[in-house]
Structures are given as structure tokens and as C-alpha cells.
Protein chains: 2
Amino acid sequence: MTHPSQILEFIFAAIALIAIWFSITNFSSVKRILIGRPMRTAELNAQHNKLLWYIALPILSADLYSSVSYGPESGITELINLGSEAKWYIIPITISTIILLAILILSYIMGILAYPNGGGAYAIAKDNFKQRWISLVASSSLLVDYILTVAVSVSAALEAVSSAYPVVAPYETVLAIFCVFILLIVNLRGVAESAKIFAWPTLGFMACMLILIGFGFIDEVNHGFVQRATPQFGTVPDGLTLLVLLKAFSSACSALTGIETISNAIPVFREPQQKSAIKTYIALGTITSITLLGFAYHLYVRGISPDPHNTMLSQLTQYYFGHGIVYQIIIWFTFIVLILAANSTFTGFSQLAAIVAADGYLPRGLTNRGDRLGYSNGIIALAATASLLILAFHAHTNALIPLYAIGVFLSFTVAQFGLVKRWRRVKGSHWKMKFAINTVGAFITSIVAVIFAVTKFTSGAWVVLVVIPVFILGSIYVQRHYKAVAAELRIDLKTEHPETNRVITIVLVSGIHRVIINTLSFAKSLDQENLLAVYVGFDDESMKKMEAKWEEWGTPCRLLTLKSKYRSILEPLTRLIHIIEEKEQYKAQIHIIIPQFIPKKWWHNLLHNQTALLLRLWLIRHKDVVISTVPYHLKK
Amino acid sequence: MTHPSQILEFIFAAIALIAIWFSITNFSSVKRILIGRPMRTAELNAQHNKLLWYIALPILSADLYSSVSYGPESGITELINLGSEAKWYIIPITISTIILLAILILSYIMGILAYPNGGGAYAIAKDNFKQRWISLVASSSLLVDYILTVAVSVSAALEAVSSAYPVVAPYETVLAIFCVFILLIVNLRGVAESAKIFAWPTLGFMACMLILIGFGFIDEVNHGFVQRATPQFGTVPDGLTLLVLLKAFSSACSALTGIETISNAIPVFREPQQKSAIKTYIALGTITSITLLGFAYHLYVRGISPDPHNTMLSQLTQYYFGHGIVYQIIIWFTFIVLILAANSTFTGFSQLAAIVAADGYLPRGLTNRGDRLGYSNGIIALAATASLLILAFHAHTNALIPLYAIGVFLSFTVAQFGLVKRWRRVKGSHWKMKFAINTVGAFITSIVAVIFAVTKFTSGAWVVLVVIPVFILGSIYVQRHYKAVAAELRIDLKTEHPETNRVITIVLVSGIHRVIINTLSFAKSLDQENLLAVYVGFDDESMKKMEAKWEEWGTPCRLLTLKSKYRSILEPLTRLIHIIEEKEQYKAQIHIIIPQFIPKKWWHNLLHNQTALLLRLWLIRHKDVVISTVPYHLKK
């Protein structure tokens, strides 16, 4: 019997092993198979990788468009406790969502007009606010929300599948983490190349949704708009408060996340980039609005209720098409497009992290491009954190939703205020209109962010409101550290130059054999004078034997035998280092040469004591000594 | 909610972290707290640590005596499918077990007479057989069985507790692994010191068992030996075959494992060692026989049946004492003594592994004594493998029993035959009697081993019969490897001496700053002539800038700038190494000096690229170059 937790342990072990493997063997064949051949830096800006707008549309819209599959459901779930009379609220809530979507798209188009080369909330804030913490609010909240996007999208994808196949339900968590692992591999392979393949599923999902909605309308026309199983429009159920309504609205707004993808991705468009991006925004906004409204209308008309074991999209599809082939197609498209939403987030996250890291606010390793030109460290960090979230929340979408979307709206707000400031400063053509649009946008997104924080505070949003400030403080700490280090390392090219010192070389010997000849040859080639061989013995007998043998060998250099009462080489060696430092008044550089066996097969390492390795790790960390390792490659 | 698998993951993570911690920080305070201060080698043979025989008795008998708590139950479990008429067979089976015990103890006393300094089956076989594989049969089967002993004892301990507290049942596996972890820590602290404390629980358990048996007899005397709920003695149930009876007998014989502990442990006795050990054997044999027989008699008379959720010992105790304080005391003594049985196995395993490793048949690391003089690597290996077994068998004692005891009886057999051979060769006083005793012993143990293998083959024993030969072949392979390496490394002291060569020194520079001054100072102190600074740039611009700055700095040595198209330092560097090797015809020694940041706080490592570390790992493994690391300890 394979227990899910065993599969999980296996996956974790596999990930850990692969990570270690990658770190050690840079040219390994496994890596080559999974990740592909290394790519030249010059391949980065090749024009043939750039996208036409109608191809960019499905690629960049997976994140936003896929959320239609769970947005309306999240909204209605908040109201369902009030009884079925509350169901009609899905219509006004969806309409409010669409209005918010229109405002956001308009505001983002203003952003593109202001920054034709693209740039998300962080870049806009950085350009318009002197206070760096404001741009850190934008970056931190967006990064946190990207992590949530991956967790939510992948969880929703698996819920779609387990609606169709309930047998999958107990394995949702494990499978979700497996999906994240696959996304990790795909993204380490690089996105630009694979991106065009990714256009088709989103197009397919759009087509599915439009067919579903269209089919529903035709069905209704044929039946003369006979409403079935629906509550009366306009009835007010008992216990409905403004707070509940706002909470439902804010949950439904989770459908709007991912809207920033296009404006961040302007460099991927083929020329004219600015125009293409705006076209894409308008097209995407139109399609999304139609889908949201049509979907919500049918949910209302057919009186579908949320069910934790069967998504509303799955229920609606079953209503019209039964459990046949059309149902299967729609479910699998939903799955794929939600996975693609998570996929596009990988690019967004790693690029933003790289930009912020380049400014010194995040670990510099996030700016390294991997073999396939992606920002590997950011990609790995996102996969790891999203997996932990999925694990903690057992891949339940509705448990993750309360944490979600606050970050995005915070960053929206920062961006809008940044643009407002910019229009006032730069002005330019039609600036008053642009100013007005962004002022309205800023006003509305900040209200929405506050609504989110208040209505979802107790159901989990407080976590985000703690994490984001901690993230900001962490970023500030990181930058201070880098500045301090840079100041410490800075030198005056005119006055400061390398100085030569006396070097005292210590060769560790464990006996007299071929490895030691090899090591002593190197040591004597460097220096004949200040050379000292050190032998650490655990008892007097072995020390005397070594001294006699050394003499028999013709004393290639001075030998010092040290006794270790505690059977450790480290302790007498540190004592010796201390004595030399005192005697030389810290002026001489101590240089310790350690021989190291390199077995022919890696698992032979188990058969040889790796004292050298541990010794080196400790000494480098705690003492000001240079450690040289002389490898001896065993032939057998 | 805390799910058991989460606890498990936590424990694994904790063990892994502690292991890494120990390896890196040799003097760490955490290690000091858990393991204690390092001990001098001289403390090893201090006489005050030696034990008087009546103190050694409980300490060395935990393994054997504790098995009375599950041995009779394992036997009767095999018969219970035949219906309750089969229950009376517990009496003849127990009597057979006791006869076997007497034979074994007598044989082991012969062993002590032959080898007054002690020595288990491996040492006896090594001394008496020229064929080394025979001694490897003894050592391998015993090592495998020691692993099983830990798994069985700890599982049985937890079953005792969960009989009393069924609420513990779902967490048995996790708690069993936690117990192994505690045993690991205790054994890394060292056994001799803690051993005297360990005498009391075994004495207590012995007392409990004798009181339980005595109380039962008094009860029966008072009631005039009225038999209750028992099947007629001598009835033969349907379907009883010799095979089933032998299987029951072999399962009951799991109570006899641990008998070899005393003969392996002769050096721990106070003088006269030989006499003390024999006294201990006779005393232990007597107590164990009385307990087994008394326990089996009461189980029969009270008609107690095996129950997977309540051990038979627990049922019997409940019968006489209810669920009160006496019951609690007996259950907890059972728990502790079973844990102690596992504990004593740690010493046995690690000592045997060290002896075999000293002969070159197992990794040499097993002979290293840790800070507290225990063979740490053997202790860790045992804890790890036993934990895996517990995990795989979900801590079910009865699932582990079929694998158990074959190894022990195999090693018993090898030892007996060794002694038979010895008496024939050495002779000495009363040799014919000793010869006869060991011949009978050898004959009987080999029959028992065959019975075990045949009757339990399909229920798991085949695994052991595969693992032991693999283990033996592995041991032979290990010794061949060591011999081959020794031959490769051996040199002629007269003719082979260190030779000096030209050294070409390459310093990797990433810019011009304090770390680089530090590194160049060392490099120039070593060698002024064959010194080359290498800068790897990812684009032309950075390379030109570096060259200009280097000139401005006054060119401390020749600078070579290399371009990396794939953003990797490794690739241009290996190219350079190849060029130098070709040009110098592999005669010069290449020496690469790598600067390394040492941050003040360990987690600052996250903020600095550890390219140097990975580079070093790869180069050392794949190229014949010396790598020096020059640390620069950051102050901030």
C-alpha cells in the first residue's frame, strides 16, 4: 500500500537529491536531460523569441483568465450560509467585479503610456517616491501574493480534477506538490521557448467557457427563458449585513489577480510593444468580462450551489453536457489553464525578485541567470514556499483565498499613487485625463484593499498583514548589510596594495604513502624553508613509529608529532595555530595543506574517513588560515 | 491538528539537522549538552568503570530477559488459528525453549573457558577457520540480527504501553522512532557511565515477573488448583501439523536472542572476569527458565489468548491486579526493560562492527571512537537502519518476528562449530566433555536455524536469507577495495621521495576590493613569478572595465580576462586549465587560489553567492589541481 505521506516523503527526498546533484555536478547529464543545454547570454534578446500580441494574449492571460473558474464560486461561498435566497447576489457582485476590472485595466493602460518599456508597481513606485519603503511595499506584497497565486491556482486545478474523479481527492496535496515540482523543472528549462506551446490551452479554455455560456443561452432561448430553481431577484435574506456582502465581493475579486502580468511583460512583445500591450489589455478585459458575467448568469439561473467536492464550473458543465466527453474536455482545460496560471507566476516572481535584488534589497543570488537564462534561484524559492503553503493548507482553495489578493491590491494602490504623482510632475498630452483616471483607480483600489483586510482579517488575512511588513523590514536589513559589506571591502586604489608576508606552511601527514608524496611535492615546490609536516597521533607508540619512519625516509622536511588525548586532529592543530600566531605576532600567514583522497566511485567515499573535509570547514570558518587541498585521485 | 506523519517529518528533519550540526561544529555547545564533554582515550580502561558480576547481571541480561515478555506470546500466536484446544501447547513449547536455553548457556560457558578474554562468534570463527567467509557469516548474521533486535524490542515496548493506553496506538511508529532517537543520544554519550543506572529497571522487571508468578501460585493454592477456562491438556486440534508446531517453537525462540551479550562483554567485568561471567550466565539462565515456565503456566491456566491490542502479559496482569497501580508498575517496567534491551544492542552492534572494520571488512569509519569513547558511526548506523525497519513495519512486533532470530542462531552455529574444531586441536583438561557439549550445541543450533529458515521463509525470513549473503559479499568487496588502495599507495621509502615542480598559481578575482588584496597578498607571498590573476566576465563591457581598473591599481600581477558565454566561471576556467596542462605537458602543478567571504553570522551566507564552494567541489573531484581557499572574515 502506498500511503500519501510516503509519496510525499519520496518527492521531498527526490527534490532534495536533485538540488544537491545540481549544485555539485554543474555539467551533469541528469541536469542536461531535465533542464536542457546551457544557453548563451546573447540568446536572451533574440527577436525571434518575441511575441505577436494575439499570441501574447493567451500566454499572458492564463493567470487572470483562469481565476474566472474559482472567483464567482469564492464569492457565493461567503453568502451561502444565509440560505438560497442569497444566491441572486452573484449577479450584482459579478457586475461590481467587472467594473473594478475595467478601472484596473484602464489604470494599467495609463501605466504603459507612462512607462513604454514596462515596469510593474515596484518600478513605478521607485521612480516616483523618494521613500524607498513605498516601493518595498509594492514589491513585498506582490512577491507574497505571487506565492499565494501558485498555491491557489495549483490547488484549484486539483480541485477541478477531483470534482470529476473523486478518487483523486485524498491525494490532492501530494499531487499539487508534484505539479509544483513539474512547474519548477519547466521553468528551470526556461519560459520563452516553451511559452508558445502554452498559448493553446488558454485559448482552448477561453473557447470552452464561451461555448458553455453560448450553449446555455441557446438552451434558454429554446425553452423561452423559463427560469428554473432560482431565488427571486431582489429578495433580501435574513442576517445579510454589509460586512458579509463586502466579504463576498472581496472573495470574488480573487478573480482579478494576475492583471499586472501584461504590464510587467512588455519586453516580450514584438514591436510596437506599447501598442501591442494595450491591444492585449483591451481584448483580455473584454473576454474576461463576458465570461464572468455569462458564467455568473448561468450559475444564478440554474441555481447551482457551492459544494466542496464538486466545483460550480463542474456542476454547470455536468448540467448541460452530463458526464461525457465535453465535460471531460472542459475539466481538463480548466486544470491545464490553472497550472499555466501558476506557471506564468514563476516568470513574474523570479523577474521581480531579480529586479529588487539588483537594487540590493534581496539576496544577490536572485539576480543570477541559470543555464537556461531563467532566474533559477527565484524559481526554486517560489516552488519551495508555494509547496509549503499547499502542504499547510492541504490544497484547499477556499482556505487559501482569504490570504489571497490583498497583496495584489496593495501593489495596485502603490502603483496608482505613483502614476498620479508622475502625471502631476511630468504632465504631457492629455495629462489631466490620465491624472483623473489614476486618481480614481488609486482611490478605488485602496478602498478595495482596506475592504479585503477588514473583511478577511480573522479568516487568515492577518497572516499576510504580518508577513508583508516583516518582508519589508527584512529587505531593508538586507540592503544595510550589503552597504556595510561594500563599505568594509572598498579600498583606495592609490594607497592600498597587496603586501607580501612570511608564509608558514603546515602539511598534515597521516603516514608515509603516495598521497603524502604528492602533497609534500606540492608543498616543497612552493616553499622549502618555512615548511613543517604535522602528524597527530592518538598514542605514544604510533607517534614514535612515525618519527622513526620519517627519519628512515630521509626527513623531507621538519616533522612535528602532536598527541591528541581526545582522538581529534582539530584540537592539537588549533593549539599549534595559536602558538604560531603568538610567536609571529599575527604577522605571518599560516598556510595549511591537507591531502585529500578522491575515490574513483563516489560511494567509495563511505569507505574513507572524510576528516579532511570537516577539518577544512571548521578551520576556514573560525581561523585566519589559508587551507589548500591537494587531491589524489585513486585509480582503483 | 498534529498528524503523525507531520511529527515524523519533524523528527527526521531534527535528526538531519543535528547530524549536520555535529559534523560542522566540532566543539558546539549543543553537542556538549546532548553528548557531554569529550573524554580522554586514557579514560577507556579505568578499573572503576568495571562491573561486579551481580551488577553486570541485570545490565547484560536486559536483551535476553526482556524477551520473555513477547516470546511465549509469539509462539502461541502461531497456533491460535487452530482454535483454543491448541492453547495447551504453550507448555511443551516453553519446556523445549528452556532446554534449548540450557544447551546454549552451557555452550557459551565452554566459549568463555576457551576464550577468557571474551570474543563473540566472529572472533571464535576467525580463530578456528581459515576460510574468512565463515567468520563473515557469523558477523553479518549477528549485525543484521542486532538491527532487528532494536526494531523488535522498541516495537514491543510501545505495544506494552499501548496495551495500557490504547490512545497511544496510532502513534506507535512515531514514538518508536523517537525512542530510537533517545537511545542514539544516550549511546553517543557513552554506555559504561550510564550502565549502572540501567541495572535497576531490569532488576525491577525481574522482581515484577517473579511477584506476578508467585502471586498467581498463591492464588491457585488458595483456590485449591481449580483450573478455569483451559483446554484439556493433551487434546490434538484438527489441522495441527509438525510444520505449524515447529513454526510456533521457532517464534517462541525469539525469547532466546541476546544470550551472546555476556560472552561478548567479558572485558566489562571486574576481575576475576572469567569466573564472574560464568556465574552471571548460570544465574541468568536460572531466572529466565523460572520466569518463562511460570509465565507460560499461568497463561495456560488462565486461558489467555493473544490480542493484537493487548499483550498477553498485560492481560495476565489485569487478571490478577486489575487496572490499578500494580498493573501500571508492571507495564512501565516492561516498557523500560525492552528499551534497555535495545540499548544494550547498541553497544553490541557498534563493538562488533568496529572489530570487523578493524579487519578491513567494513568501512574504517566504524572504528573511530567519538568524543565519549563510543563507536559513534556504528551507533548512528544502527539507529538509522532500525528506524527504517520500524517505519517499514509500522512498529508491529509480530510482523518483525519472522525476520528475527535466524541471524542469531546462524552465528550461534558458527561459534559452536568453531569451538568443536578448537577442542579437537588444543585439547586441554576435560576436553572431551567440552567437545561433546559443543558438538551437541552445534548440532541443535544448526537444526534450529534450519527450522527457522524453513518455517518462517514465506512470512519474511527470505529477506534475511537474501540480506545476509549480500552483506557478506559487500564485506569481501570492502576488504578488496582497501587492499587495492593500500597497494596503490604503498611506496618504497628508499627510492621514492617528494619532487619539486614548477607551480603555476592562478588567483580568481571578481573585482578589486579588500578580499582581493588579502588573497593577492597571500599569492604574492608564495610566488611572484608564475602568478596569474583571472577575471571571468559575462560581457565585454565588464571585462574592459576590469582591465582598466587593474591598470589603474598598478597591475600587481598579470591579469587574464576570460569571457563566459554561459554565465559560469567553471567553463572558461576548465578551458584555461586544459590549455596550461597541454602547454606544460602536465609537468607543472596548477594551483588555484579562491578568495572566500566568511560572513559574521552563518545565515548571512544566504546573502552571498557561494560560487567559490561549488567551484572548489567540482574542480577537486574532476581535475588534478590544488585548490587554496583564502578566507576573509567579514566584520559586519
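Nothing here was measured: the structure is a model prediction, and the numbers come from that model. (Residues numbered from 1 in each chain as written. Chains lettered and ligands numbered in written order. Predicted model: local features only at pLDDT ≥ 70, side-chain atom pairs only at ≥ 80, totals over all residues.)

Some thoughts on the overall build of chain A
Helix and strand counts for chain A stand at 23 helices and five strands. Buried positions account for 46% of the 636 residues belonging to chain A. Partitioning the intrachain contacts of chain A with sequence separation of at least 6 by distance along the chain shows that 82% fall at a separation of at least 24. (Helix = DSSP H or I, 4+ residues; strand = E, 2+ residues; numbered from the N terminus. Buried ≥ 20, exposed ≤ 12 C-beta atoms within 10 Å, placed from the backbone. Contact = placed C-beta atoms within 7 Å.)

Observations regarding the relation of the copies chain A and chain B
Expressed as a screw transformation, the operator carrying chain A onto chain B has a rotation angle of 180 degrees and an axial translation of 0.0 Å, and the superposed copies differ by an RMSD of 0.1 Å. Here the copies are linked by what is in effect a two-fold axis. Within chain A, Ser628 of chain A has its C-alpha nearest the rotation axis, a separation of 1.9 Å. The fraction of interface residues of chain A whose copies in chain B are also interface residues reaches 99%, indicating that both copies meet through the same surface. (Least-squares fit on C-alpha atoms with pLDDT ≥ 70 in both.)

Quick look at helix H18 (residues 431-455) of chain A
Residues and elements named next belong to chain A. Relative to the 36 Å expected for 25 residues at 1.5 Å per residue, H18 spans 36 Å between its end C-alpha atoms, a close match to the ideal helical length. Of all the positions in H18, only Lys434, Ile437, Asn438, Gly441, Ala442, Thr445, Val448, Ala449, Phe452 and Thr455 are classed as buried. Buried residues belonging to H18 abut helix H5 (90-114), helix H10 (242-252), helix H17 (406-426) and helix H19 (457-489). (Expected span 1.5 Å × (residues − 1).)

Side note on the packing of H18 of chain A against H19 of chain A
Residues and elements named next belong to chain A. The N-to-C vectors of H18 and H19 enclose an angle of 120 degrees; their axes lie 7 Å apart at closest approach. Taken together, H18 and H19 sit at an angle that is classed as oblique. Taken together, the residues of H19 that come into contact with H18 (itself represented by Phe452, Ala453 and Val454) are Phe457, Ala461 and Leu465. In terms of residue class, the contact of H18 with H19 is made up of six nonpolar, no polar and no charged. (Axes fitted to C-alpha atoms, helices over the stretch in contact; angles between N-to-C directions. Parallel < 35°, antiparallel > 145°, perpendicular 65-115°, else oblique. Nonpolar A, V, L, I, M, F, W, Y, C, P; charged D, E, K, R; others polar.)

Side note on the domain arrangement of chain A
Splitting chain A by domain gives domain 1 (36-482) and domain 2 (503-633). Once you take the C-alpha centre of each, domain 1 of chain A and domain 2 of chain A turn out to be 59 Å apart. (Domains from an automatic or database assignment.)

Notes on the interface of chain A and chain B
On the chain B side, the residues contacting the 73 residues of chain A number 73 residues. Elements with a minimum of two residues in the side of chain A that touches chain B: helix H1 (4-24), H19, helix H20 (514-526), strand E4 (589-598), helix H23 (611-622) and strand E5 (626-633) of chain A. At nine residues, H20 of chain A tops the list of elements feeding residues into the side of chain A that touches chain B. Considering only residue class, the side of chain A that touches chain B consists of 35 nonpolar, 21 polar and 17 charged. As paired strands, E5 of chain A and strand E5 (residues 626-633) of chain B are joined by three bridges and run antiparallel to one another. (Pairing = 2+ DSSP bridges.)

Structural notes on the pairing of strand E1 (residues 503-508) of chain A
All names here are of chain A. Relative to E4, E1 runs parallel, the two being bridged by five bridges. Across the sheet, the residue bridging to Val507 is Ile593, located in E4. Once the chain exits E1 it traverses H20 before rejoining the sheet at strand E2 (residues 531-537), and the crossover so formed is right-handed. (Right-handed = clockwise from strand over helix to strand, strands pointing away.)

Thoughts on the confidence of the model for chain A
Residues and elements named next belong to chain A. When the pLDDT values of chain A are averaged, the result is 83; 89% of them are 70 or greater. Below pLDDT 50 for its whole length, residues 1-14 participates in 11 contacts with residues either more than four positions away or in separate chains. Long-range and interchain partners of residues 20-27, a stretch whose pLDDT sits below 50, account for nine contacts in this model, where long-range means more than four residues apart. Scored by ipTM, the complex comes to 0.76, with pTM at 0.74. (pLDDT = per-residue confidence, 0-100.)

Some remarks on the nonpolar core
All names here are of chain B. Of all hydrophobic cores here, the largest spans 150 residues; its most connected members are Ile147, Ala151, Val154, Val180, Ala353 and Leu382. Ranked by residue count, the leading element in this core is helix H15 (residues 325-358), at 19 residues. With sequence-adjacent residues up to four places away left out, Ala353 is seen in contact with Leu143, Leu362, Leu366, Tyr375 and Gly378. (Core = buried A, V, L, I, M, F, W, Y, C linked by C-beta atoms within 7 Å.)

Comments concerning the environment of Tyr108 of chain B
Residue and element names in this part refer to chain B. Locating Tyr108 in the fold gives a position in helix H5 (residues 90-114). Taking the C-beta count within 10 Å as the criterion, Tyr108 has 24 such neighbours and is therefore assigned buried. When the C-alpha atoms of Tyr108 and Asp624 are compared, they prove to be 55 Å apart, with 516 residues separating the residues in sequence. Contact partners of Tyr108, with chain neighbours within four places excluded, come to Ile259, Ser263 and Tyr281.

Some thoughts on helix H16 (residues 376-392) of chain B
All names here are of chain B. Taking 1.5 Å of rise per residue, 17 residues should cover 24 Å, and H16 covers 24 Å from first to last C-alpha, within 8% of that figure. With 12 of 17 residues buried, H16 is to be regarded as a mostly interior element. Where H16 is concerned, the buried positions are Ser376, Asn377, Gly378, Ile379, Ile380, Ala381, Leu382, Ala383, Ala386, Ser387, Leu389 and Ile390. The inward-facing, buried residues of H16 abut helix H7 (132-164), helix H8 (172-189) and H15. Just past H16, the residue His394 takes up positive phi, approximately 50 degrees.

Here we look at the environment of Arg424 of chain B
Residues and elements named next belong to chain B. Relative to the elements of secondary structure, Arg424 occurs in helix H18 (residues 406-426). Judged by the 14 C-beta atoms lying within 10 Å of it, Arg424 is partly exposed. Sequence-wise, Arg424 and Ile627 are 203 residues apart; in three dimensions their C-alpha atoms are separated by 60 Å.

Brief notes about the environment of Thr367 of chain B
Residue and element names in this part refer to chain B. Within the secondary structure layout, Thr367 lies in the loop between H15 and H16. According to the C-beta neighbour criterion, Thr367 is partly exposed, with 18 such atoms within 10 Å. As a C-alpha pair, Thr367 and Val470 span 103 residues in sequence and 22 Å in three-dimensional space. Once residues within four sequence positions are removed from consideration, Thr367 is found in contact with Ala354, Ala357 and Ala358.

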